[in-house]
Amino acid sequence: MSELREPADRPVRLLGFWGTPENQTLPNPADLVDPGWGEAERQWVADYLEHGQIAGSWMGASRCRLCSRANGSRDLTDGYYLWPEGLAHYVLDHGVRLPAEFLNHIEQRSQALEGLERDASWWRRNAART
Ligand SMILES: [Zn+2]
């Protein structure tokens with residue numbers, strides 16, 4: 001699992017937050033558009049991004065920097081990365097490419113989940129104990 005440590009051992013990495021006129025230390029999504037990025041991979045990444053857990057909610061929706069549509073008001077996380085819920089829109093509808101290290105992370109997480117050893121004994125013992 002590359003260099004990733006368990007959640008809580010390290011800060012969560014921010015992903016997909018953009019610079020503002022007042023603070024240009026973060027990227028501009030227009031600089032990351034990759035018109036050649038295939039739809040199947042963009043859909044796969046967007047699906048992952050849309051299924052994060054809610055890590056925070058904000059008053060009012062943010063606007064897409066590229067088309068101005070209302071684009072979510074929550075932050076989502078997988079415990080390793082944290083992103084605004086509208087990031088899936090940037091990926092899917094604008095081809096804003098995310099770093100290869102993050103795509104590798106998605107692949108590793110998906111494989112790890114599919115490969116989990118399954119144990120039904122706890123469920124059998126505890127289902128009726130409410
Ligand atoms: Zn947009």
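First, a word on scope: everything that follows refers to the structure included in this document. (Residues numbered from 1 in each chain as written. Predicted model: local features only at pLDDT ≥ 70, side-chain atom pairs only at ≥ 80, totals over all residues. Heavy atoms only, no water.)

Details of the nonpolar core
Link 1 in the chain: In this structure, Leu15, Val45, Leu49, Trp83, Leu87, Leu98 and Phe102 are the most contacted members of the largest nonpolar core, which totals 21 residues.
Link 2 in the chain: Among the elements of the structure, helix H1 (39–50), strand S4 (81–84), helix H2 (87–94) and helix H3 (100–114) are those that each provide at least two residues to this core.
Link 3 in the chain: Here Leu49 is in contact with Leu15, Leu76, Trp83, Leu87, Ala88, Val91, Leu98 and Phe102, once residues within four sequence places are set aside. (Core = buried A, V, L, I, M, F, W, Y, C linked by side-chain atoms within 4.5 Å. Buried < 20%, exposed > 50% of the residue type's maximum accessible area, 1.4 Å probe, protein only. Helix = DSSP H or I, 4+ residues; strand = E, 2+ residues; numbered from the N terminus. Contact = heavy atoms within 4.5 Å.)

Remarks on the sheet that holds strand S2 (residues 53–57)
Link 1 in the chain: Taken in spatial order, the four strands make up an open sheet running S1-S4-S3-S2, and their pairing is mixed. Edge positions in the open sheet fall to strand S1 (13–14) and S2, since each of these has one partner strand only.
Link 2 in the chain: For S1 and S4, the ladder comprises two bridges, and the chain directions are parallel. What sits directly across from Arg13, in S4, is Tyr81. (Pairing = 2+ DSSP bridges.)

A short note on the coordination of the zinc ion
Link 1 in the chain: Note on the zinc ion: its protein donors are Cys64 (SG), Cys67 (SG), His89 (NE2) and His94 (NE2). The metal-donor distances range over 2.0 to 2.3 Å.
Link 2 in the chain: Here the zinc ion is ringed by four donor atoms whose angles at the metal span 103 to 118°, and the overall shape comes out tetrahedral.
Link 3 in the chain: All donors of the zinc ion belong to a single chain; written as a sequence motif, their spacing is C-x2-C-x21-H-x4-H.
Link 4 in the chain: Overall, Cys64 belongs to the buried group, its relative accessible area being 3%.
Link 5 in the chain: Overall, Cys67 belongs to the partly exposed group, its relative accessible area being 36%. (Donors = N, O, S within 2.8 Å, 3.2 Å for Na, K, Ca; no water. Tetrahedral: all angles 85-135°; square planar, octahedral: opposite > 155°, others 65-115°.)

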